Amino acid sequence: RKLDYNHDEVQKTEKQFNNTLSKLLKSNKISQQFYEKVRSTGAQPARLYGLAKVHKEGTPLRPVLSLPGSCYENLTNELAKLLDTLPEARIETSTRKIRDELSNIHLEEDEVLISLDVKSLYTNVPVDESISMAADLVYELDAPEFDKVTFISLMKLAVKNIVFQAGNTWRQQIDGLAMGYKLAVFLANIWLKSFEKFLGGN
């Protein structure tokens, strides 16, 4: 969504972000130590840039959201530490493993091997659903210092309604996840992993 926004209002976004954290602190949902780790000071705007897909006709661009220096960065890093402990949040394969497994497959004359990919995966991940899945998994393990509801609130603060600069315009991501965003990788993996029980995966 395009915003009627200007560069001076980066501070406004940062203030709103910190106010949300401050409310959690005052209601004893997060500790002072955690608040100091994740609150933002002197934020720069998140920025959208494009990486050329040189293997595709017309060389389209893959949009990538860069968060370093933005108000979202510190919170993202802390939440990523929690999600990184989950096997479901990781890609548990490699090109070599796939190659080795394919080399052992014998196809009959009437069989065809196909590969499926998800088009525009990140922007199609249901954000609230994947955050809820992540919360269930995190709290099956040793729970962090805050409760499950607070974890969900912090995740939504970190990944929903991100304000960013794209060229000379300002936009807000109101749906899906952003490519290049650390938490997006974890959430997309968790969401996709949930389908394995229906597809016969292990």
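Described in the following lines is the structure provided in the data block. This is a predicted model, so every value here is computed, not measured.

Here is what the cut-offs are and how they apply
Residues numbered from 1 in each chain as written. Predicted model: local features only at pLDDT ≥ 70, side-chain atom pairs only at ≥ 80, totals over all residues. Heavy atoms only, no water. Helix = DSSP H or I, 4+ residues; strand = E, 2+ residues; numbered from the N terminus. Contact = heavy atoms within 4.5 Å. Areas by Shrake-Rupley, 256 points an atom, 1.4 Å probe, with all protein chains shown as cover. Patch = residues over 30% accessible without salt bridge, like charges linked within 9 Å, V, L, I, M, F, W, Y side chains within 5 Å. Salt bridge = Lys/Arg side-chain N within 4 Å of Asp/Glu carboxyl O. Buried < 20%, exposed > 50% of the residue type's maximum accessible area, 1.4 Å probe, protein only. Core = buried A, V, L, I, M, F, W, Y, C linked by side-chain atoms within 4.5 Å. Lys, Arg positive; Asp, Glu negative; His and termini not counted. Charge placed at Lys NZ, Arg CZ, Asp CG, Glu CD. Expected span 1.5 Å × (residues − 1). Polar contact = N/O pair within 3.5 Å; in protein donor to acceptor, adjacent residues only side chain to side chain. Phe/Tyr/Trp six-rings, centres within 6.5 Å; stacked < 30°, edge-to-face > 60°.

Right, let's get into the overall build of the protein chain. If you tally the helices and strands in the protein chain, you get nine helices and five strands. The order of α-helices and β-strands along the protein chain, N terminus first, is β-α-α-β-β-α-α-α-α-α-β-β-α-α. For the protein chain, the share of sequence-separated contacts (at least 6 apart) that also reach a separation of at least 24 residues comes to 68%. Carbon and sulfur atoms make up 50% of the accessible area of the protein chain, which totals about 13,000 Å².

The next subject is a nonpolar patch on the surface. Taken together, Ile98, Leu102, Ile105, Leu107 and Leu113 make up a surface patch of nonpolar side chains, about 420 Å² in accessible area. With respect to the secondary-structure elements, leucine 107 resides in the loop between helix H4 (95-103) and helix H5 (121-124). Of the residues examined, leucine 107 reaches a relative accessible area of 37% and is grouped as partly exposed.

Our next topic: the nonpolar core. Among the nonpolar cores identified, the biggest contains 53 residues, and Leu75, Leu83, Phe151, Leu154, Val159, Tyr181 and Leu183 are the most heavily contacted of them. Looking at this core, the elements that each hand over two or more residues are helix H1 (10-26), helix H2 (32-38), helix H3 (73-83), H5, helix H6 (127-138), helix H7 (148-159), strand S4 (162-166) and helix H8 (182-193). Of the residues forming this core, the biggest block, seven residues, is contributed by H8. In this structure, valine 159 is in contact with Val127, Ile131, Leu177, Tyr181, Leu183 and Leu187, ignoring residues within four places of it in sequence.

So, on to the pattern of salt bridges. Evaluation of the coordinates by the stated rule reveals eight salt bridges. Between arginine 90 and aspartate 84 there is a salt bridge, with its nearest N and O atoms 3.9 Å apart. A relative accessible area of 39% means that aspartate 84 is categorised as partly exposed. Members of the salt-bridge network, linked through shared partners, are Asp128, Lys156 and Lys160.

Quick look at a negative patch on the surface now. Together, Glu108, Glu109, Asp110 and Glu111 make up a negatively charged patch on the protein surface. Looking at where glutamate 109 falls in the secondary structure, it is placed in the loop between H4 and H5.

It is worth spelling out H7 at this point. Taking 1.5 Å per residue as the helical rise, H7 with its 12 residues ought to reach 16 Å, and the 17 Å between its terminal C-alpha atoms agrees with that figure. When we look at burial in H7, the residues that qualify are Thr150, Phe151, Leu154, Met155, Leu157, Ala158 and Val159. Residues of H7 that are buried make contact with H1, H2, H3, H6, S4 and H8. The N-capping residue of H7, defined by a side-chain oxygen 3.3 Å from the backbone nitrogen of valine 149, is aspartate 147. Positive phi shows up at asparagine 161, right after H7, with a value of about 60°.

This structure, assessed with the given rule, holds four aromatic pairs. Between the aromatic rings of phenylalanine 34 and phenylalanine 146, the centroid separation amounts to 5.1 Å while the plane-to-plane angle is 65°, which identifies the pairing as edge-to-face. Of the two residues, phenylalanine 34 sits in helix H2 while phenylalanine 146 sits in the loop between H6 and H7, which places them 112 residues apart along the sequence. No difference in accessibility class separates phenylalanine 34 from phenylalanine 146, as the two residues are buried. On the numbers, 5.9 Å between centres and 70° between planes, the contact of tyrosine 139 with phenylalanine 151 is edge-to-face. Of this pair, tyrosine 139 sits in the loop between H6 and H7 while phenylalanine 151 sits in helix H7; the two residues are 12 residues apart in sequence, bridging distant segments of the chain. No difference in accessibility class separates tyrosine 139 from phenylalanine 151, as the two residues are buried.

Although it is not a glycine, asparagine 28 adopts a positive phi angle of roughly 60°. With respect to the helices and strands, the residue asparagine 28 is situated in the loop between H1 and H2. Assessed through its relative accessible area of 68%, asparagine 28 is described here as exposed. Here asparagine 161, not a glycine, exhibits a phi torsion of approximately 60°, which is positive. With respect to the secondary-structure elements, asparagine 161 resides in the loop between H7 and S4.

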